[in-house]
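# Structural overview
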Amino acid sequence: MKKKLTSLALAFVMLLGIVTTAFAGETVNAKDFATATLQANLKWLDANVQVEPDEDDAILVNTNIDWMYQLFAVTGFKGSADYSKYVESYITSSFAGSTESTSFSPLSPSDLARVVLAAKPNGIDPTNIKGHNLVKELADFADYENNNQTNPIAYALLALNSSNYTEATDSVKNALVSLLVKGQREDGGYSWLLMPDENASWDGTDPDSTAAVIFALAPYYSDAKVKAVIDTALEYLKKDINAETGLVSPFGTDSIASTSRLVLALCALGIDPTGADYTVKNGNNLITAMQTRLDKSGAFNGYVYSDDYTQPPTDAPDVLETYQGAQALAAYLRLANGESFLFDYNATSNNGTSAEKDNVVTAKDEESNVAVAVEGLADGATLTVTTVEKTAESYKILVKEAGVDEEDVIACIDVTPSVQPDGTATISFTVNDKFAGKKVNVFHLKADGTTENLGTFEVGATGEVEGVKVDSFSPFMITLAEDTASTGKTVDTAKTGDASLAVFGVLAVVGAAAIVLTAKKKNEEN
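Note that the coordinates shown come from a computational prediction; the quantities given were computed from them, not determined experimentally.

### Remarks on the packing of helix H2 (residues 30-48) against helix H13 (residues 319-336)
Packing of H2 against H13 leaves a shortest axis separation of 9 Å and a crossing angle of 140°. With respect to H13, the element H2 is oriented oblique. Of the two possible hands of crossing, H2 and H13 adopt the one that is left-handed. Here Ala-30, Lys-31, Phe-33, Ala-34, Thr-35, Thr-37, Leu-38, Asn-41, Trp-44 and Leu-45 of H2 come into contact with H13, specifically with Val-319, Thr-322, Tyr-323, Gly-325, Ala-326, Leu-329, Ala-330, Tyr-332, Leu-333 and Ala-336. Within the contact of H2 with H13, the residues separate by chemical class into 14 nonpolar, five polar and one charged.

Here it is in structure tokens:
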């Protein structure tokens, strides 16, 4: 009997292994991968990129910091450093010694554009950083054509279009568009040099420069001439996608950085980077293919070559690959969630008033650090958000209704608009991103004293709880939900494979376990 028990137990273990293998071998879900990996990227960057203002260095340029904090701001991730202190020191030291009569900014257009793009979402006015108007400096730069580099022009146009800056006139932006249109090479791509230069050591086209031009020109896609340029450039980029891995592979080497540039270009145009046109034969697309370059540390790997380039390159976590990969993941998630492009700040507002698009009103409770956005209020409406204390009667009522312990309460806040909605409004909360991937319930205490469960929702990568439908406002409580909850906005539980196979596997495992236990019981009885 002991021998039979051993055989049954072995069968059980083997069956469990078969089920596990079936799940492990399936293609990863793009949105799940992007959500989890983006958080890992952000945490790695925060821990590994030092942010230190250096007042002794006249012009200290660290591109990593600006791009990283732009990404932190638009994803809602709270970095450990004070970016405003860094950028103010950076601008002060950069402009030291310059005068009002100086013809050109001491910063290059690339530097100006990068800081403009990073400052705005971080709550810093790029038109007045220590008295300097970086947007005007960027718009007034007089030597774009003679500069003859593609990226400074592309990023300048991107920055000038990122918000409704009065300094960014149509004539200035149209001149940059014309320069970029003229720079397309015969093969449909772009080089790091905008126009050919026979004296350059290398003047070939590359995917990174090409993609940067596309996402800079995206707002002008309705123009026939621009559309032709972008369509041709997209065809050029498709040729660089590795048919085996799904990553963009310039010069025969897979690159997260180059892949991310293409993803940004597609997202700027509203094109899904996980669509059929960007999916290879193994099922990977531009997003899921990134898993092959993901390091266990949470960063994306780059290639490290020997000093003499005689040895094969080794993989190592890389800052540039990581923040550019994270930009792509964030842009994809914004597209998938129906949000604006990563560098389009026209549709967002952080001052408690109506945003410039979609009449979204936002506010934040500083005590709980919970942000709220409401769509569907009257024009000109404002919003107030405050913490509901545990001693308040409304808090006690909601806890009782939720049926949870206090440690399961994520937030309890009172949301008060200046005008109640005429019909249904949509409210979104942003809570601590440590709850990313968790399911939560949202409860509402109505003005008449009754409570309602507004549903179960999944917390997004940056702590967002989106799509809560309400017809009035007063206290809300967000609590951790049971894993089995199924109302509201939830993730498709069968998204990573055949649900029937999963059910069969579980039942088979349970059945095998039952056989083992029955045999054991009989053995003990004998």
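Additional details are given in the paragraphs that follow.
### Side note on the nonpolar core
By size, the foremost hydrophobic cluster in this structure holds 103 residues, and its most contacted members are Ile-91, Leu-180, Leu-217, Met-290 and Phe-343. Considering every element that reaches this core, the biggest residue donor is H13, with nine residues. Leave out the neighbours within four places in its chain, and Leu-180 touches Thr-150, Ile-153, Ala-154, Leu-157, Tyr-190, Leu-194, Val-213, Ala-216 and Leu-217. If you look at the next biggest cluster of nonpolar residues, it comprises 29 residues, including Val-372, Val-415, Phe-457 and Ile-478.

### Remarks on the side chain of Arg-293
Topologically, Arg-293 is positioned in the loop between helix H12 (256-269) and strand E3 (301-304). Among the polar contacts made by the side chain of Arg-293, one reaches the side chain of Asp-315 at a distance of 3.1 Å. Those residues in contact with Arg-293 that lie beyond four places of it in its chain are Leu-247, Ile-256, Ala-299, Phe-300, Asn-301, Gly-302, Tyr-303 and Asp-315.

### Some remarks on helix H5 (residues 109-119)
Burial analysis of H5 places 10 of its 11 residues in the buried class, the great majority of the element. What H5 keeps buried is the set Pro-109, Asp-111, Leu-112, Ala-113, Arg-114, Val-115, Val-116, Leu-117, Ala-118 and Ala-119. Those residues of H5 hidden inside the fold are in contact with helix H3 (63-75), helix H4 (83-94), helix H6 (134-140), helix H7 (144-147) and helix H8 (150-160).

### Some words on the packing of aromatic side chains
Scanning the entire structure with this criterion turns up 13 aromatic pairs. Both rings, one in Trp-67 and one in Phe-343, keep their centres 6.0 Å apart while their planes meet at 70°; by these two values the pair is edge-to-face. Taken as a pair, Trp-67 in helix H3 and Phe-343 in the loop between H13 and strand E5 (360-365) lie far apart in primary sequence, 276 residues in all. For Trp-67, a relative accessible area of 10% translates into the label buried. On the basis of an interplanar angle of 65° and a centroid distance of 6.0 Å, the ring pair of Tyr-155 and Phe-215 is categorised as edge-to-face.

### Some remarks on the confidence of the model for the protein
A low pLDDT means the predicted coordinates there should not be read in detail. On average, residues of the protein carry a pLDDT of 81, and 80% of them reach 70 or more. Note on residues 100-104: pLDDT is under 50 here. Beyond four places in sequence and across chains, it has three contacts. Every residue in residues 348-358 is under pLDDT 50, and counting partners more than four places away or in other chains gives 32 contacts.

### As for the packing of helix H10 (residues 207-217) against helix H11 (residues 224-238)
Relative to each other, H10 and H11 sit at 145°, their axes nearing to 10 Å. Relative to H11, H10 is oriented so that their crossing is left-handed. Residues Pro-207, Thr-210, Ala-211, Ile-214 and Leu-217 of H10 form the contact with H11, whose own contacting residues are Val-226, Val-229, Ile-230, Ala-233, Leu-234, Tyr-236 and Leu-237. For the contact of H10 with H11, the per-class residue count stands at 11 nonpolar, one polar and no charged.

### Here's the deal with unusual backbone geometry
Of note in this structure, Lys-130 is not a glycine but carries a positive phi near 55°. The topology assignment puts Lys-130 in the loop between H5 and H6. Not every positive phi belongs to a glycine, and Phe-251 is a case in point at roughly 60°. With respect to the element layout, Phe-251 can be found in the loop between H11 and H12.

### Observations concerning the pattern of salt bridges
Counted under the stated rule, the structure contains 10 salt bridges. With a closest N to O distance of 2.7 Å, Lys-136 and Asp-140 form a salt bridge. Placement of both Lys-136 and Asp-140 in helix H6 is noted, with a separation of four residues, approximately one turn of the helix. Residue Lys-136 is classed as partly exposed on the basis of its relative accessible area, which comes to 43%. Between Arg-293 and Asp-315 there is a salt bridge whose closest N-O contact spans 3.1 Å. Note that Arg-293 is positioned in the loop between H12 and E3 and Asp-315 in strand E4 (residues 314-317), a separation of 22 residues in sequence. On the accessibility criterion, Arg-293 (7% relative accessible area) is buried.

Procedures and definitions
- Residues numbered from 1 in each chain as written.
- Predicted model: local features only at pLDDT ≥ 70, side-chain atom pairs only at ≥ 80, totals over all residues.
- Heavy atoms only, no water.
- Axes fitted to C-alpha atoms, helices over the stretch in contact; angles between N-to-C directions.
- Helix = DSSP H or I, 4+ residues; strand = E, 2+ residues; numbered from the N terminus.
- Parallel < 35°, antiparallel > 145°, perpendicular 65-115°, else oblique.
- Left-handed = near helix turned anticlockwise from the far one by under 90°.
- Contact = heavy atoms within 4.5 Å.
- Nonpolar A, V, L, I, M, F, W, Y, C, P; charged D, E, K, R; others polar.
- Core = buried A, V, L, I, M, F, W, Y, C linked by side-chain atoms within 4.5 Å.
- Buried < 20%, exposed > 50% of the residue type's maximum accessible area, 1.4 Å probe, protein only.
- Polar contact = N/O pair within 3.5 Å; in protein donor to acceptor, adjacent residues only side chain to side chain.
- Phe/Tyr/Trp six-rings, centres within 6.5 Å; stacked < 30°, edge-to-face > 60°.
- pLDDT = per-residue confidence, 0-100.
- Salt bridge = Lys/Arg side-chain N within 4 Å of Asp/Glu carboxyl O.

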